[in-house]
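# Observations on the model geometry
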Amino acid sequence: MNAYSGRAFTLKSVLKLLPRKRWSMSRKRKCPIVQSGYQVSVDELEREKEEALRPLTSGIMETGMDESGDYKRQVSNESLKDPQVQALSQQLKEWINDVLTDDHIVVKNLCEDLSDGQVLSALIEKLAGAKIEHKEVAQSIASQKAKLTEVLNQINYHLQVVDDGIKWNVDNIHNKYLISVLHLLVALARHYGIPRRLPSFVKIQVLQITKATQQTETISEQITGDEEREHYNFAARQQERDVFDTLFDSAPDKLNAVKGSLMAFANKQLSQINRGCSNIEEDFANGVNLVVMMSLAEGYYVPMYSFSMEPEAYDHKLHNVTLALNLMQEAGIPRPKCTAESIVSKDLKSTLRVLYAIYSKYKHLVK
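Remember, it's a predicted structure, so these values are computed and weren't measured experimentally.

A separate point is the nonpolar core. In this structure, Leu 120, Leu 185 and Leu 188 are the most contacted members of the largest nonpolar core, which totals 45 residues. Counting residues per element, this core draws most heavily on helix H9 (residues 178-192), at ten residues. In terms of nonpolar packing, the next biggest core, distinct from the first, is built from 42 residues, Leu 247, Phe 265, Val 292 and Ile 343 among them.

Below, the structure written as structure tokens:
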């Protein structure tokens, strides 16, 4: 007599039995099991189990919700099925996996895998050479958010975005809100250059619910713009040569003369507050002299709390240099072909580019 005869089983109870029976799925063995009055096979149960788990393993199904402010926002089901949204998510996922190949990190679900900050920490360290001290896996929600706060602060510094331009925050990333995750990754991909062109003009339909009245409306969120142009512009910037490329490659004998001229200009500016420099690579790497030069040239005071006068940690140096580059941009100085990281790393060519950009704007001040 069949051991299961006359007994009704729920799917959950049957699945608990399967591992103990160790059915070999490769042999496609059929084992009739009674479930609520009808017979199902092990194969059918496995298929049902996979269907139940699919939303948890899909690349973009876990979309979370934005509950900040007066509204609740959630991505519409139609947008989740949109081929453009799926293509964007897939390309970003493949890009992250390519970048983190050496770290043996594989992202399967963007929202789920990035929510605790661990993958984002590894990503910004690899892309920008950032140093994030607390790399242990955070278990509690509070520790995960603390970790994520630190990582997002690093990312925002590297991207050099101002508060109005930030379309992500700790709560939304931790809550696995797809739109915030995509905004963050698109910004990183544009800044550091993704080898493949992202889909253009991707929009996501969002269901917005007013908390007070529970009224619902559908709004549209733009995720990408003209990505073909963005991709072209990044490639052009990478290939574009400037006077310093030519100087280093074709006229190294003139390099010392250029260094001397820029050093003299910097010392003239810094002497106003009894500061000076003697080594271009070393004396501008922590960003202090750059911030001071901009404040003197523009005639304003930079509050001491906004930067570190004696930075020791890499993060503090990076903050200072980023602040200086932002001050240059606000003063209308064209962005030099360098990154804040390259200055902190004492890259001579990058440092000369920054000093020359400042010199070009303010050389009339030196008499």
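Past the structure itself, the notes keep going.
For Gln 269, the location among the structural elements is in helix H12 (residues 255-270). Contact partners of Gln 269, with chain neighbours within four places excluded, come to Met 293, Leu 296, Ala 297, Leu 365 and Val 366.

Turning next to the pattern of salt bridges. Enumeration over the complete set of coordinates arrives at four salt bridges. The closest approach of N and O atoms between Asp 171 and Lys 145, which form a salt bridge, is 3.0 Å. Of this pair, Asp 171 sits in helix H8 (residues 170-174) while Lys 145 is found in helix H7 (residues 141-159), placing the two residues 26 residues apart along the sequence. For Asp 171, a relative accessible area of 39% corresponds to the partly exposed category.

Another point: the pairing of strand S5 (residues 216-222). For strand S4 (residues 203-210) and S5, the ladder comprises seven bridges, and the chain directions are antiparallel. Looking at the pairing, Ile 204 lines up with Glu 221 of S5.

Next up on the list: the environment of Lys 203. Mapped onto the secondary structure, Lys 203 falls in strand S4. With a relative accessible area of 42%, Lys 203 lands in the partly exposed category. With 18 residues separating them in the primary sequence, Lys 203 and Glu 221 have C-alpha atoms 5.5 Å apart. When neighbours within four sequence positions are excluded, Lys 203 is seen to be in contact with Asp 82, Val 85, Ser 220, Glu 221 and Gln 222.

This paragraph deals with the packing of helix H14 (residues 288-298) against helix H17 (residues 348-362). Helix-helix packing: each pair is described by the crossing angle between the helix axes and the interaxial distance. Between H14 and H17, whose axes approach to 11 Å, the crossing angle comes to 10°. Put simply, H14 runs roughly parallel to H17. Between H14, through Leu 290, Met 293, Met 294, Ala 297 and Glu 298, and H17, the contact on the second element is made entirely by Val 354, Leu 355, Ile 358 and Tyr 362. For the contact of H14 with H17, the per-class residue count stands at eight nonpolar, no polar and one charged.

All right, on to the sheet that holds S4 then. If you walk across this open sheet you meet the three strands as S3-S4-S5, and the pairing is antiparallel. Each edge of the open sheet is held by one strand with a lone partner, namely strand S3 (71-75) and S5. Each strand of the sheet is rotated relative to its neighbour by a mean of 35°, with strand direction disregarded. Contacts from H9 reach S3, S4 and S5 within the one sheet, and its direction differs from that of S4 by about 140°.

Right, let's get into a nonpolar patch on the surface. Residues Tyr 301, Met 304 and Met 309 make up a contiguous nonpolar surface patch of about 330 Å² in total accessible area. Mapped onto the elements, Met 309 comes out in the loop between H14 and helix H15 (314-330).

Residues with a pLDDT of 70 or more make up 74% of the protein chain, whose mean pLDDT is 78. Least confident of the elements in the protein chain is strand S1 (residues 33-35), whose mean pLDDT is 41; most confident is H14, at 93. For residues 1-6, every residue scores under 50 in pLDDT, and the model assigns this stretch five contacts once sequence neighbours within four places are set aside.

Cut-offs applied
Residues numbered from 1 in each chain as written. Predicted model: local features only at pLDDT ≥ 70, side-chain atom pairs only at ≥ 80, totals over all residues. Heavy atoms only, no water. Core = buried A, V, L, I, M, F, W, Y, C linked by side-chain atoms within 4.5 Å. Buried < 20%, exposed > 50% of the residue type's maximum accessible area, 1.4 Å probe, protein only. Helix = DSSP H or I, 4+ residues; strand = E, 2+ residues; numbered from the N terminus. Contact = heavy atoms within 4.5 Å. Salt bridge = Lys/Arg side-chain N within 4 Å of Asp/Glu carboxyl O. Pairing = 2+ DSSP bridges. Axes fitted to C-alpha atoms, helices over the stretch in contact; angles between N-to-C directions. Parallel < 35°, antiparallel > 145°, perpendicular 65-115°, else oblique. Nonpolar A, V, L, I, M, F, W, Y, C, P; charged D, E, K, R; others polar. Patch = residues over 30% accessible without salt bridge, like charges linked within 9 Å, V, L, I, M, F, W, Y side chains within 5 Å. Areas by Shrake-Rupley, 256 points an atom, 1.4 Å probe, with all protein chains shown as cover. pLDDT = per-residue confidence, 0-100.

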